[in-house]
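A closer look at the structure
Residue-level listing of the chains:
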Amino acid sequence: MKVKGTHYRSLWWNHDDDVLEIIDQRSLPYEFVIRQVKTMKEFEDSIVEMRVRGAPLIGATAAYGMALAMKLDPSDRNMDAAWDCLNATRPTAINLRWALNRCRAALRTLAPADRAIAALTMAHDIADEDVEINRQIGEHGLTLIREIAAKKPAGEPVRLLTHCNAGWIATVDWGTATSPMYHAHDAGIPLHVWVDETRPRNQGALTSWELGSHGVPHTYITDNAGGHLMQHGQVDMVIVGTDRTTRRGDVCNKIGTYLKALAAHDNGVPFYVALPSPTIDWTVDDGVAEIPIEDRSPRETTHIQGTFEDGTLGVVQVTPEGTPGGNPAFDVTPNRLVTGLITERGICKATPEALASMFPDLSKPEA
Ligand code: MRU
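Throughout what follows, the structure given in this document is the object of discussion. (Residues numbered from 1 in each chain as written. Predicted model: local features only at pLDDT ≥ 70, side-chain atom pairs only at ≥ 80, totals over all residues. Heavy atoms only, no water.)

In this section: the pairing of strand S3 (residues 11-14). Strand residues, when the strand is regular, have side chains that alternate between the two faces of the sheet. Of the strand pairs in this sheet, S3 and strand S4 (residues 19-23) are connected by four bridges, and their pairing is antiparallel. Paired with Trp12 across the two strands is Glu21, which belongs to S4. (Pairing = 2+ DSSP bridges. Helix = DSSP H or I, 4+ residues; strand = E, 2+ residues; numbered from the N terminus.)

Okay, the nonpolar core next. Core analysis: the biggest nonpolar cluster contains 73 residues, and Leu11, Tyr64 and Trp168 have the highest contact counts within it. Here the element with the most residues in this core is helix H5 (residues 112-150); it accounts for 13 residues. Counting residues domain by domain, this core receives three or more from each of domain 1 (2-129) and domain 2 (139-358). For Leu11, the contacting residues outside a window of four places in its chain are Leu20, Glu21, Ile22, Leu57, Ala60, Thr61, Tyr64, Ala127 and Val172. Residues Leu161, Val251, Trp282 and Met358 belong to the second largest nonpolar core, which totals 28 residues. (Core = buried A, V, L, I, M, F, W, Y, C linked by side-chain atoms within 4.5 Å. Buried < 20%, exposed > 50% of the residue type's maximum accessible area, 1.4 Å probe, protein only. Domains from an automatic or database assignment. Contact = heavy atoms within 4.5 Å.)

Next up on the list: empty space enclosed by the protein. If a probe the size of a water molecule is rolled over the atoms, the empty space left behind becomes visible. As enumerated under the stated definition, the model contains three cavities of 30 Å³ or more in all. Considering the residues around the largest cavity, the lining is formed by 20 residues, among which Arg53, Gly54, Ala55, Asn165 and Asp243 are closest to the centre. For the lining of the largest cavity, a count of residues per class yields seven nonpolar, nine polar and four charged. Mapped onto the domain boundaries, the lining of the largest cavity takes at least three residues apiece from domain 1 (2-129) and domain 2 (139-358). By volume, the second largest cavity amounts to about 100 Å³. Considering the residues around the second largest cavity, the lining is formed by Pro56, Gly59, Ala60, Asn95, Trp98, Ile126, Glu129, Asp130, Ile133, Pro276 and Pro278. Going through the elements one at a time, helix H2 (55-72), helix H4 (95-108) and H5 are the ones with two or more residues in the lining of the second largest cavity. Of the residues forming the lining of the second largest cavity, the biggest block, four residues, is contributed by H5. Partitioning the lining of the second largest cavity into residue classes produces seven nonpolar, two polar and two charged. (1 Å grid on protein atoms, 1.4 Å probe; cavity = no way out; pocket = protein on both sides within 12 Å on 5 of 7 lines; lining within 4 Å. Points joined across faces, edges and corners; volume = space filled by probe spheres on them. Nonpolar A, V, L, I, M, F, W, Y, C, P; charged D, E, K, R; others polar.)

Function-wise, these values are silent; they only describe arrangement.
Here it is, written out as structure tokens:
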């Protein structure tokens, strides 16, 4: 997508320097900073510190990390070490393991001398495929938005609500939940997006930055406002992303998503999840019982980053000194609360049968 008129992906290969470049999301939305990721430690830190974040993007980043590992030492031992180190960076989003498994399975069939080039090609493929998957999600999601728009008086906006940032910077391009929004906006459908703040890391500020850059009307709201807006008929549809969706359609996404799903259910608001197929964990059924939930630093809850009135970037403490903070980073929305899954192949119900019939080539028979 575009930043001040220039098209960017959230990561790309710098062919002159032979190195990965990323948009540093720790600096957004305040400053637009591009960083080179040159060492395995920098790959690890970029994912852990959320310089890159969002399920599809950390998968693509890990693939480039594997490519660097193969350039440094293409042995089986180093491949396994890189897999372990990159896979341990964040526990919840399945795209990380998906990308690493895909790379390792293919690389194991090759002689060590051939692995560096093949690994880099595979990382490029994963990045390109992500862009195409998200574009297709956008086209399918657009049909839902069109249907809502058709029932409204001409010119009245379709009011969407989203949580976290499932936007283009959380993927390689387009985003998942935002892709239908960009497609609808570009098709001339009037839209308004309620953007949840998403404490503690305020990914809603990233979504606002994205939507604002693309000219999509939106309002940044506190995390607790969504239920109230739904009760008052101010939300036509919720669209969120996912970090891991189980084979029966339970959806693990940023903490607070479950509460939005409950409010949507209670108010008859359709709750859709934009789901790229690499985010499906076919080995897991019951998301609440089986998905590991990342427990992040309490400091993210007791302190908050932002700019002061003079424009300088800083961190302030919002709690009394010594207050203990708790920071589960994701929650699981059971499939019964999900109206539908917007995948790259089309829209389906959040049920084991519907997912398996949408992806017969990917789903595995139950053990
Ligand atoms: O902790 P984050 O910011 O990496 O969490 C991101 C989310 O929860 C997104 O909604 C999800 O990864 C989908 S991104 C297209």
